Amino acid sequence: MRGVILFAILVIAHAHSSIAALVIKGPDKPVLENDEVTLECLLSDSELNTSQVHFEKFSKYMNKWYRLEEEHMYRRCIPSVILRREASQLLLSIRSIHSYFHQGLYRCVADNATATDNSSQPLAITINYMRELSVYDVSSSRRKFIKENLLVTLGEDVEVECSTTASEAPQYFWQKYGDDWIVPSSKLRLKNVRMEDGGDYTCMAEHPTLSSLKKSSTISITVLTATNGRLNQAWYDSTNLVLMTSVAGAVLLLLILSITCFLVRRAKQAKSTKGPIDDHSQKKPIYTASVESLASTSGDKQPLV
């Protein structure tokens, strides 16, 4: 009985393989972000040609397959994609592959086939990546980004953390320049900081499956005495106060200038509108006076005898 079942399975598998005429092939090594990748749609059925097949990509957001075309609209949605048709294959080239646009499932589909399996088996493209590292001071409740240098006070407790985003959760390590110790963690904690704790510290992040994919970032920790620490904090606070005051003053001055310009413009517009009316009203008394003067002059004249 088992032999009959096994024979039936082999027959069905052979029939399925004979029907499926499309095969999609991709890279044979791990794909890193910004690599150039080419997908091939191969035709095993002589009755088909490349003009009768196309590529499709599965959208996890729309939860459906959509066709990849050569039109400009599709290239805007999925940038850096080039389609090429040759005699027995259809090529999809991605010049600079990116995890956001290009990662996912791809397949080849025949245009004029009516069978339920008119497409190839889906090919999953997984892109390995790791972004640049960022280092933060997490000693207090306020998380502060460290650009290059961190100033700490003698005797304080310091805690810094480095982080990044990657295709897989990376492994973190901390190391101080000149020392041989390594802390296998994303966080570095220094208790009761001493003067000799100052120096350069490097955080390293390594991809768990691709050792070639790694990032690092170095910061400098400067330890100040208690007096210098307070002076530095006072200077920092006063600098922030001066900066905030200067910004507020500049905004207020700009507002005053804008209002002044607006009022001057309104005044000029009002003057230009009322100008002709005022001139007419000023000329009217002069005209009346001239008429009255003529009338009085003509009344004073006596007829000649």
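The structure this text deals with has already been given above.
Now for a quick tour of the structure.

About the cut-offs
- Residues numbered from 1 in each chain as written.
- Predicted model: local features only at pLDDT ≥ 70, side-chain atom pairs only at ≥ 80, totals over all residues.
- Heavy atoms only, no water.
- Disulfide = S-S within 2.5 Å.
- Helix = DSSP H or I, 4+ residues; strand = E, 2+ residues; numbered from the N terminus.
- Buried < 20%, exposed > 50% of the residue type's maximum accessible area, 1.4 Å probe, protein only.
- Core = buried A, V, L, I, M, F, W, Y, C linked by side-chain atoms within 4.5 Å.
- Contact = heavy atoms within 4.5 Å.
- Polar contact = N/O pair within 3.5 Å; in protein donor to acceptor, adjacent residues only side chain to side chain.

**So, the state of the cysteines**
- Counted under the stated rule, the structure contains 2 disulfides.
- There is a disulfide in this structure between C41 and C108, and the S-S distance comes to 2.3 Å. Of this pair, C41 sits in strand β3 (residues 37-43) while C108 sits in strand β8 (residues 104-110), and the two are 67 residues apart along the sequence. C108 carries the same exposure label as C41, and that label is buried.
- Paired by a disulfide, C162 and C203 hold their sulfur atoms 1.8 Å apart. Of this pair, C162 sits in strand β14 (residues 158-163) while C203 sits in strand β18 (residues 199-206), and the two are 41 residues apart along the sequence.
- The exposure class assigned to C162 is buried, which follows from its relative accessible area of 1%.

**Some words on the nonpolar core**
- Residues V160, W174 and I219 are the most contacted members of the largest nonpolar core, which totals 23 residues.
- Of all the elements in the fold, those that place two or more residues in this core are β13 (149-153), β14, β15 (171-176), β17 (187-190), β18 and β19 (214-224).
- Apart from the residues within four sequence positions on either side, I219 is in contact with V135, I146, E148, V160, W174, G199, D200 and Y201.
- Listed in part, the 22 residues of the second largest apolar core include V37, V53, I97 and I125.

**Notes on the environment of D157**
- Tracing the backbone shows D157 in the loop between β13 and β14.
- With 34 residues separating them along the chain, D157 and K191 place their C-alpha atoms 4.6 Å apart.
- Apart from the residues within four sequence positions on either side, D157 is in contact with S139, L190, K191 and N192.
- At 2.8 Å, the side chain of D157 forms a polar contact with the backbone nitrogen of N192.

On their own, these measurements won't tell you what the molecule is for.
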